[in-house]
Amino acid sequence: MLVTNQPQFLNNANIKYYKTAPNTQRSYQPQFSGVSTKASSVIADKYDNFTEWIANNYYKKLYNSKFAKSFIEHTKGKAWNNMTTHMSALGSTLISSMYIIRTLENDKLDHEKRKTLAINDLLTWGISTAMAYLADAKLGNWWDGVTTRFTANYLLDNKKAKRVSTLGDWNPKDIRFMMENWSDLVNARIDKINAKIKSPEYKGGRKLLEKVEKQAYTSVRDFNLDVLKNRKLTTLIDGMGVLKSLFVFGMIYRYVVPVLVMKPANWIGQYIHNKKAAQNNENAQKA
Amino acid sequence: MNIDSIKNYPTGSSVKHKRKITNALEYRQESAELCDKKSVNRGYSGSFTGIGINRAAANDFKNLGNTFTDKIFRSKKFQNIVEIFENKTVVASTLVALIVAGVARPLTNIAMAGDKDKEDSMYAAAHAISSAVIGFVISSIVMAPFDKAFRKIKDDPKKYLQGLEELLDVKEIGKRKLEKSKPYKKISKVAQMIPDTLVLGVPKAMLTIALIPPILKYVFHLEKGKKKGAAPQAAQSQNLDVNNNAVKNNPAFSMIKGGVK
């Protein structure tokens, strides 16, 4: 059926309203977006409250827990400095353990097969983890150099981070020299004021000089913390360390072992398998 | 050693040295004087406050800022990614998994596959991509509020960590002080990664296993049942890729393939 009459909402009055009062329409739109802004701000507030709850009930409680105290007491050694590697290894250990347990509990397999598979899982996990730790440690010094260069590049673009006001203008390409010869720089400054510092009765001065004599930075992170004092740079330097460890562990667990080690291992296995099959055939024919 | 402890060190007239030097020009003048006076600067010269920068020639970064790597290092995008690695470590680890297991490994597998197992490699590639994408998406969603909460701790440690000076080996709780604290650095990284490693790790692996078949079916149009000789190396889960590939691909275990599926 054809509808000839306009529906009520399209009567002349309404049309006139929209045609002649475009400003009204425009003024309506902000009201609409206002509602949406309000809704999004409510959501943002709720989300913020939720993150506040996590900060108070997870992070704060964890830092204050007995676990944290015991953890800090037991991880004072240098071997624990890079927690990213240990947490990655722990994650892999848990998941591998879960699959080993599942394999051992699999009723569809007989006892011997379960055992063989579980040992295989265990060996693969062990080799991968050992390789990952080894590679991470071996790349340590090289990556320190890369991080120092990264820092120098950051300083090229962020002149404020060079602390020119305190240190004078210097070229970031000399950053390694500065780190290694920091004591000379500091001594040169002290020479200016040495009369008092070097006097025997001034104990603080002697202590300071003793410290300075040994002062040289091998780590760009320490150099930044003591000398440049740039918080963003600290985050970036730490981020470079995490990037290295995650890539090393990710590559070993997910690429090197499954692709570059397992494939050749399979080829060798296949070769041995075929050879044995051929031998068996020969023996069978002879018999 | 703190450079500030030297720059404000008391010298000469007591009146002068009680005042903290805050004017940059004063430092420059001081440095310039130091450079001019050979007896004081030990013969060093150069732009850097009395240090002989010429000596650094053998030890400097040549072409700094101009090499391909330097251009990457200087890009804001790369710096943002590096920041994510520190502030959102779990998301970053799934990003690595996405690149390594979702791109590099499938490409290598396909490239290394012979004609016989081309189809299997394609199936395994689809499986690996699905697994990596699921892991990345789940971690990004779940970890977002945790990462924001951690940011709050980092930005206002006094509010959350007051009273932990002794434990964290700092004189007082503050952003700069905590940056130097090794215990804080260690426990913070553990706190950041625990939700994923200890709590989410296994459920995430289970969820990934459950979500892979529909993704293979509806995104890649692949179904295990319909496929002839479905890829034996299609692993059940991200981290288990290593283990399952080892088992399923290995001819030594070919006799028990069916039992693992």
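The preceding data block contains the structure.
Residues numbered from 1 in each chain as written. Chains lettered and ligands numbered in written order. Predicted model: local features only at pLDDT ≥ 70, side-chain atom pairs only at ≥ 80, totals over all residues. Heavy atoms only, no water.

So, about the overall build of chain B. In terms of helices and strands, chain B carries 13 helices and 0 strands. Secondary structure elements in chain B, listed N-terminal to C-terminal, are α-α-α-α-α-α-α-α-α-α-α-α-α. Across chain B, contacts joining residues at least 24 apart in sequence account for 51% of those joining residues at least 6 apart. Accessible surface for chain B amounts to roughly 12,700 Å². Of this, 59% is attributable to carbon and sulfur atoms. (Helix = DSSP H or I, 4+ residues; strand = E, 2+ residues; numbered from the N terminus. Contact = heavy atoms within 4.5 Å. Areas by Shrake-Rupley, 256 points an atom, 1.4 Å probe, with all protein chains shown as cover.)

On to helix H5 (residues 111-138) of chain A, then. Every α-helix winds through 3.6 residues per turn, so residues three or four apart in the chain are directed the same way. Over its 28 residues, H5 of chain A runs 40 Å from end to end, which matches the ideal 40 Å to within 8%, given 1.5 Å per residue. By the burial criterion, the buried members of H5 of chain A are Arg-114, Leu-117, Ala-118, Asn-120, Asp-121, Thr-124, Ser-128, Thr-129, Ala-132 and Asp-136 of chain A. (Expected span 1.5 Å × (residues − 1). Buried < 20%, exposed > 50% of the residue type's maximum accessible area, 1.4 Å probe, protein only.)

Each pair of packed helices gets described by two things: the angle between the helix axes and the distance between those axes. Orientation of helix H3 (residues 66-74) of chain A relative to helix H11 (residues 182-218) of chain B, taken along the N-to-C sense of each, is 130°, at an axis distance of 10 Å. Taken together, the axis directions place H3 of chain A and H11 of chain B in an arrangement best described as oblique. For the crossing formed where H3 of chain A meets H11 of chain B, the hand is right-handed. Residues Phe-67, Ala-68, Phe-71 and Ile-72 of chain A of H3 of chain A form the contact with H11 of chain B, whose own contacting residues are Pro-183, Lys-186, Ile-187, Val-190 and Ile-194 of chain B. (Axes fitted to C-alpha atoms, helices over the stretch in contact; angles between N-to-C directions. Parallel < 35°, antiparallel > 145°, perpendicular 65-115°, else oblique. Left-handed = near helix turned anticlockwise from the far one by under 90°.)

Let's shift gears to the packing of helix H4 (residues 83-104) of chain A against H11 of chain B. Two elements in contact, H4 of chain A and H11 of chain B, have axes whose closest approach is 9 Å; the angle formed by their N-to-C orientations is 25°. Classified by the angle between their axes, H4 of chain A and H11 of chain B sit roughly parallel to one another. As H4 of chain A runs across H11 of chain B, the sense of the crossing is right-handed. Taken together, the residues of H11 of chain B that come into contact with H4 of chain A (itself represented by Met-83, Thr-84, Met-87, Ser-88, Leu-90, Gly-91, Leu-94, Ile-95, Met-98, Tyr-99 and Arg-102 of chain A) are Lys-186, Lys-189, Val-190, Met-193, Ile-194, Thr-197, Leu-198, Gly-201, Val-202, Met-206 and Ile-209 of chain B. Taken together, the residues that form the contact of H4 of chain A with H11 of chain B break down as 14 nonpolar, 5 polar and 3 charged. (Nonpolar A, V, L, I, M, F, W, Y, C, P; charged D, E, K, R; others polar.)

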